[in-house]
Amino acid sequence: MNKQRNIVIGVSWPYANNNLHLGYIASSVSGDILARYHRAVGDKVLLVSGVDTHGTKPELKAKAEGCTPKEIVDRYAENFREALKAFHFSFDKFGITYDPYHEKKCQEMFERMYQNGYIYENVVKRPYCPTCGKFMADTELQFKCPVCGKLSKADNCDCGYVPTEKDLENATCLVCGAKTVQKEQRVLVFKLTAFKDLLEEMVRKNENIWRANSINETKKYLSDLRDRDFSRDLKWGIPITIKGFEDKTVWVWWEALLGYVTDTMKLGEEQGFDWRAFWKTDVEPDVEKKIYMCHAKDNIPFHSMFLPAMLAALNDHFITNNIMVSAEYLLIDGEKISKSSNTPCEALVYAQTYNTDSLRYYFAINGPEKKDANFTLELYKTIHNNEVVNKFGNLINRTLKFKGLTTLPKGKIDKILQEKVQQTYKNVGELIEALEFKKAALAVMDLVAETNKYYDEQQPWLKAKQEDKQPFFNVIASCAYVIGNLSNLFAPFMPATCEKLKTFLQLPKEVIWQEIFVQNGIDVSNIEPLFTRVV
RNA sequence: CGCGGGGUAGAGCAGUCCGGAAGCUCGUUGGGCUCAUAACCCAAAGGUCGCGUGGUUCAAAUCCCGCCCCCGCAACCA
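Below, the structure is looked at part by part. Because the structure is a prediction, the values reported are computed rather than measured.

### As for the overall build of chain A
The helix and strand tally for chain A stands at 18 helices and 17 strands. Since a compact globule built from 535 residues should have a radius of gyration of about 24 Å, the 27 Å found for chain A is in line with a globular shape. Here the C-alpha coordinates of chain A stretch approximately 95 × 50 × 40 Å along the principal axes. Here chain A has roughly 23800 Å² of accessible surface; of this, 48% comes from carbon and sulfur atoms. Averaging the locations of the 70 positively and 70 negatively charged side chains of chain A gives two centres separated by 2 Å.

Below, the structure is given as structure tokens:
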């Protein structure tokens with residue numbers, strides 16, 4: 001048995017700008033799989049995330065709807081919580097970045113980074129709107145694209161061109177329509193370049209652990225590393241407490257990423273443990289620690305560079321080695337998920353219509369693990385009906401609801417099946433730790449297939465008619481034994497189903513990552529199908 | 001000429017690092033079985049591995065070169 005490890009699993013914080021979409025579930029379910037697995041092997045696990053609330057978008061939306069940014073984000077936060085609950089995410093903490101606790105802890109950390117010399121002052125030229133009386137964000141500006149000639153938003157032209165500082169000289173303010181002027185702006189900058197060596201070392205160490213996208217994307221940034229702005233001239237954000245910059249707020253990325261840490265701090269206070277044992281090398285130094293970061297590909301540089309650099313900038317024994325679990329994108333019906341399109345992609349809507357456990361299984365075996373993955377309702381239905389219901393569900397029914405069977409008989413467990421079960425725990429555990437969730441889920445389903453095959457070969461329906469019932473009992477007991485173990489092995493992927501299964505088999509609720517046995521004599525007359533077919 | 005990920009049977013994907021008889025699941029077709037939600041088991045058919053009919057090699061899905069397409073990034077969207 002392994003020694004107990006301290007594990008932090010950070011799932012990227014969804015931005016409170018829209019309802020949660022299915023793509024978030026697809027790229028985040030890996031975090032919940034990791035959490036449930038690590039808890040099962042006996043590690044101390046903190047699965048943390050929360051609502052990212054600050055920044056330009058909620059502020060603009062609030063202005064458009066005539067309400068406060070907080071009202072906007074609260075609406076979406078509610079949607080997030082509901083959807084994540086429906087998909088059975090087992091968060092230990094799901095925070096929110098406007099929480100005064102998060103704000104205060106972030107400010108303390110930023111002051112320390114400033115004192116350590118990693119946040120410095122700079123002067124840049126930015127578009128300023130004389131009418132609005134403030135510096136405008138790119139998304140609030142319109143410019144004439146020199147490539148396609150169209151007027152477009154400064155943060156993304158349809159033709160793909162990225163405007164330079166020069167292109168924005170004659171930008172128009174989208175809020176009031178006035179021409180902006182270039183004006184010098186005092187900003188705070190985070191000295192990312194100070195951590196080039198540290199970050200390069202981290203990438204080198206993880207060459208065989210991270211996926212290709214995070215390795216190469218990070219290398220790209222490191223080859224031309226630049227310091228990044230720290231301050232923003234926005235109201236809706238965490239106020240900067242550094243002297244001379246009190247009128248500015250922190251660019252959301254810097255504070256949202258620290259949410260993983262502030263979640264842990266708060267949880268430690270609530271539950272009475274030392275949060276530092278999860279994030280720092282000098283507390284519980286002999287305990288093995290892992291920090292997983294689960295997110296989609298657009299989040300890579302922030303998790304692979306910003307967060308470790310900030311922690312290093314605190315100069316306080318922080319672990320600066322994230323295990324990056326970077327997913328690609330989920331496409332729906334071959335198209336990218338777009339807020340404006342008609343493609344229905346809201347997570348909560350799917351959760352209310354379909355089985356969230358089989359959706360999780362779908363994402364595990366067919367999700368955007370190493371490349372963009374396509375989601376179609378037809379494919380989901382096929383996987384639900386033909387793999388989850390027919391193979392897994394049917395194995396349970398044909399065993400436990402065998403004609404005339406009312407209690408689970410005592411029988412000898414088949415040696416080959418038992419070895420297969422033991423082997424599956426080992427394989428699947430290794431695959432999950434290697435971040436190969438697709439192979440892990442398939443390996444469990446393979447055990448199901450193996451057991452269905454065993455069942456067919458044994459022909460228990462013939463054995464049941466013999467005078468000596470023992471051979472029949474042996475088959476049923478062997479299959480029931482596998483099913484009991486499937487309630488552990490499938491638990492990271494289909495937690496609610498496995499919980500129900502444990503209830504049927506009168507097993508302890510706790511999922512453990514080792515072979516278990518089902519008590520003979522238990523009543524099986526009331527067992528119901530775990531799944532219903534989807535039409 | 002920007003950078004990264006990807007393009008493999010009808011569908012969804014492994015395999016590519018480290019070259020050595022094209023694999024998996026579903027679907028389709030045929031057979032077996034009757035315990036089970038018409039579920040389960042066995043077998044078969046189906047692919048010139050995006051393109052160049054490019055280069056290297058005894059041998060290329062895999063290495064090299066060029067091109068096309070999809071997704072992401074491109075530093076004030078997050």
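Don't stop here, the text continues.
### Some points on the nonpolar core
Ranked by internal contacts, the top residues of the largest apolar core, which has 108 residues, are F363, F375, F392, F490 and F493. Setting aside anything within four residues of it in sequence, one finds F375 in contact with L22, L330, L331, I332, D333, Y350, L359, Y362, F363 and Y380. Of all hydrophobic cores here, the second largest spans 57 residues; its members include L188, L222, W279 and L311.

### Some remarks on the packing of aromatic side chains
Under the definition given, this model contains 35 aromatic pairs. Ring centres 6.1 Å apart and planes at 35 degrees place the aromatic pair Y350 and Y354 in the tilted group. With respect to class, Y350 is no different from Y354; both count as buried. Look at F363 and F375: their rings are 5.9 Å apart centre to centre, the planes differ by 40 degrees, and that puts the pair in the tilted class. You can see F363 sitting in helix 12 (residues 356-366) and its partner F375 sitting in strand 17 (residues 373-375), a full 12 residues away along the chain.

### Some details on the packing of helix 4 (residues 100-115) against helix 8 (residues 259-271)
Running from N to C, helix 4 and helix 8 point in directions that differ by 115 degrees, and their axes come no closer than 10 Å. Crossing angle aside, the handedness with which helix 4 passes helix 8 is right-handed. Where helix 4 approaches helix 8, its residues Y101, H102, K105, C106 and M109 are matched on the opposing element by G259, V261, T262, M265, K266 and E269. Residue composition of the contact of helix 4 with helix 8, grouped by class: five nonpolar, three polar and three charged.

Conventions adopted
Residues numbered from 1 in each chain as written. Chains lettered and ligands numbered in written order. Predicted model: local features only at pLDDT ≥ 70, side-chain atom pairs only at ≥ 80, totals over all residues. Heavy atoms only, no water. Helix = DSSP H or I, 4+ residues; strand = E, 2+ residues; numbered from the N terminus. Rg over C-alpha atoms; globule rule 2.2 N^0.38 Å. Areas by Shrake-Rupley, 256 points an atom, 1.4 Å probe, with all protein chains shown as cover. Lys, Arg positive; Asp, Glu negative; His and termini not counted. Charge placed at Lys NZ, Arg CZ, Asp CG, Glu CD. Core = buried A, V, L, I, M, F, W, Y, C linked by side-chain atoms within 4.5 Å. Buried < 20%, exposed > 50% of the residue type's maximum accessible area, 1.4 Å probe, protein only. Contact = heavy atoms within 4.5 Å. Phe/Tyr/Trp six-rings, centres within 6.5 Å; stacked < 30°, edge-to-face > 60°. Axes fitted to C-alpha atoms, helices over the stretch in contact; angles between N-to-C directions. Left-handed = near helix turned anticlockwise from the far one by under 90°. Nonpolar A, V, L, I, M, F, W, Y, C, P; charged D, E, K, R; others polar.

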